[in-house]
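What the coordinates show
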Amino acid sequence: MNREILNARRLLCPLPVIRTQNKIKEMRPGAHLEVICTDPGVMQDIPAWCRIHGHTVLETHSGNHEYVILIEVGGQNG
Amino acid sequence: MNTQRKAVALISGGLDSMLAAKTVMDQGIHVEGINFFTGFCVEGHTHAIREKDRAKPKRNNSLWVAEQLGIKLHIIDVIEEYKNVLINPKHGYGAHLNPCLDCKIFMVNKAKQWIAENGFDFIITGEVIGQRPMSQRKDTMPVVARESGADDLLLRPLCARNLTPTLPEREGWIDREKLHDFSGRSRKPQMEMAERYGFHEYSQPAGGCCFLTDKNYSAKLADLWQAHGHKDYELDDVMLLKVGRHIRPAPHFKLIVAREEGEGRFLQGYRKEFVSMAATSHNGPLVLIDGSPSAEDLYLAAGITARYGQGREAEQVDVKITDKDGLERTLRVKPLAKELPQEWYI
Ligand code: SF4
């Protein structure tokens, strides 16, 4: 499976959302993006952004002050 | 067949832009939202730093608005370009360092570029005549339209009937009669409208959409500019102004003292850019030193660092100083007397 990783550590919201948005723009539907952050706000903001734009959050987990979100790019990317 | 007209709405996360977008959506227009991140937006970031706020992360209101409306939201990083707006505002500042009129002109201009690139027809904002003292006055609203270059592609649905008809109205894409004629500072019409639409948990930031309308924040920014000898900043400066206690014992250096664990962890991330200190003989906060302190100044700073830790009553405290390259040394100091001069606090 085509999976890319986005390092958004030390960025504060909404910058991780902006980086995710810009990265996903370059990706194909069905591809996976793993975003690694340190701002806990992403656990709300990135899923909200994904819902609006039709992408799916496959998994979220956190530990050691890091928050990881796995996204599947939606079919209507753009 | 009629062409499906498309509008982009400037979404701040507040109620007015939400209602403006909704008004236009109700007329069958395809609406998407746009939100500009200047680095000073109230949305996001501060809640991520302090430990007590991490437990209850605050939602991002512009995303919330977009989700309520069922529209896409494009968040655009304008940090770099915004510097010129804040540093050289043609129309000056508001009550604090908020360049609201130039800011609006800048954002509408960016939206105009965006619609040209994305094949949209016009721009919507939630402005209301007389609502805000600087950017939303009868005489300044045409300035925004003109100087942004958006001209009659800029529709303000909440007060359109008090303004000259715009292109979307004249072309019949929008029925002017179904737009509104709000004016003045009253929030009542907006609240009634929100009630009608069933929007309940909307946010109502008191001062405006950014930190620049905040007196204390603006004072810290003004202090930073004065210390640098010119108006300039990086995003990190903007973030650091929101974190910790800022203490300036002399014009050429200041201390940023973490107030709790979350802030300490955040400041840790800046240890390669600043000289840092922390007590080692006692528990105490991480402190960053900004500026160009002399050896004597560092001694004073160590005394202040000691004062904010558990060794504040001790005769002597060991304070470790780490320079930007990671070189460490320890000073043994007497913690500074209990109260620092009030004028040192920024
Ligand atoms: S409050 Fe801040 S973001 Fe809003 S218009 Fe004024 S300067 Fe711009």
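Below is a summary of the structure that appears in this document. Throughout, residues of each chain are indexed from 1 in the direction in which the sequence is written. The order in which chains are written sets their letters, starting at A; the order in which ligands are written sets their numbers, starting at 1. With pLDDT at 70 or above as the cut-off, local features in this predicted model cover only qualifying residues; side-chain atom pairs require 80 or more to be listed or tallied, and sums for whole chains, interfaces and linings still use all residues. Each side-chain value is worked out from all heavy atoms of the structure, with water and hydrogens disregarded.

Remarks on the interface of chain B and chain A
Pairs of residues are marked as contacts when any of their non-hydrogen atoms sit within 4.5 Å. Every contact between the two is made by 29 residues of chain B and, on the other side, 23 residues of chain A. The term buried area denotes the loss of accessible surface (1.4 Å probe radius) that occurs when two parts are joined, taken as the sum for both partners. When the two sides are added together, the surface that chain B and chain A hide from each other amounts to roughly 2100 Å², 60% of it contributed by carbon and sulfur. The salt bridge criterion pairs a side-chain nitrogen of Lys or Arg with a carboxyl oxygen of Asp or Glu, the two atoms within 4 Å. At the surface where chain B touches chain A, the tally comes to one salt bridge. A salt bridge links Glu-67 of chain B to Arg-51 of chain A, with the shortest nitrogen-to-oxygen separation between them at 2.4 Å. Two N or O atoms count as a polar contact when they lie within 3.5 Å, although within protein this holds only if one can serve as hydrogen donor and the other as acceptor, and sequence-adjacent residues are included solely when both atoms are side-chain atoms. Across the contact surface, chain B and chain A share six residue pairs in polar contact (both at pLDDT 80 or more). Numbering of helices and strands starts at the N terminus; helices are DSSP runs of H or I of at least 4 residues and strands are runs of E of at least 2. At the level of elements, helix H3 (61-69), strand E3 (73-77), helix H10 (235-240) and helix H11 (261-268) of chain B are the ones that each hand at least two residues to the side of chain B that touches chain A. Of the residues that constitute the side of chain B that touches chain A, the class distribution is 15 nonpolar, six polar and eight charged. Residue polarity follows a fixed list, in which Ala, Val, Leu, Ile, Met, Phe, Trp, Tyr, Cys and Pro are nonpolar, Asp, Glu, Lys and Arg are charged, and the others, Gly among them, are polar.

Concerning the sheet that holds strand E1 (residues 6-10) of chain B
Residues and elements named next belong to chain B. The strand order across the open sheet built from five strands is E3-E2-E1-E4-E5, with neighbouring strands paired in parallel fashion. At either end of the open sheet lies a strand with only one pairing partner, and these are E3 and strand E5 (154-155). In the sheet, E1 pairs with strand E2 (residues 30-37) via five bridges, with the strands oriented parallel. What sits directly across from Ala-9, in E2, is Gly-33. Here the rule is simple: two strands pair whenever DSSP picks up at least two bridges between them.

Digging into the site of the ligand
Every residue close to the ligand is listed here: Tyr-82, Pro-99, Cys-100, Cys-103, Cys-209, Cys-210 and Thr-213 of chain B. Considering only residue class, the shell around the ligand consists of six nonpolar, one polar and no charged. If a single non-hydrogen atom of a residue is within 4 Å of a molecule or strand, that residue counts as near it.

Description of the nonpolar core
Within soluble globular proteins, side chains that are nonpolar generally end up buried alongside one another. Residue and element names in this part refer to chain B. Within the largest apolar cluster, 110 residues are counted, with the highest numbers of intra-cluster contacts made by Phe-40 and Phe-122. Both domain 1 (6-210) and domain 2 (243-344) contribute no fewer than three residues apiece to this core. Ignoring any residue separated from it by four or fewer positions in sequence, one finds Phe-122 in contact with Lys-6, Ala-7, Val-8, Val-24, Ile-29, Ile-115, Leu-153, Leu-155, Pro-168, Trp-173 and Ile-174. Only buried residues count toward a nonpolar core. Its members are Ala, Val, Leu, Ile, Met, Phe, Trp, Tyr and Cys residues joined through side-chain atoms within 4.5 Å. Classification of residues uses two cut-offs on accessible area relative to the type maximum, computed with a 1.4 Å probe and protein chains only: under 20% is buried, over 50% is exposed, and between them is partly exposed. Counting 23 residues, the second largest nonpolar core, distinct from the first, contains Val-275, Ala-306, Val-317 and Leu-340. Residue ranges labeled as domains rest on an automatic or database domain assignment.

Focus: the pattern of salt bridges
Within the structure shown, the criterion is met by 23 salt bridges over all chains. As a salt-bridge pair, Glu-81 of chain B and Lys-110 of chain B come within 2.9 Å of each other at their nearest N and O atoms. Taken together, the residues span a long stretch of sequence, with Glu-81 of chain B in helix H4 (residues 79-87) and Lys-110 of chain B in helix H5 (residues 100-118) at a distance of 29 residues. Residue class for Glu-81 of chain B comes out partly exposed when judged on its relative accessible area of 40%. Residue Lys-110 of chain B is classed as buried on the basis of its relative accessible area, which comes to 12%. In this structure, the salt-bridge partner of Arg-259 of chain B is Glu-263 of chain B, at a minimum N-O distance of 2.8 Å. You can call Arg-259 of chain B partly exposed: its relative accessible area is 35%. Through salt bridges with shared partners, one network takes in Glu-4, Lys-23 and Glu-26 of chain A.

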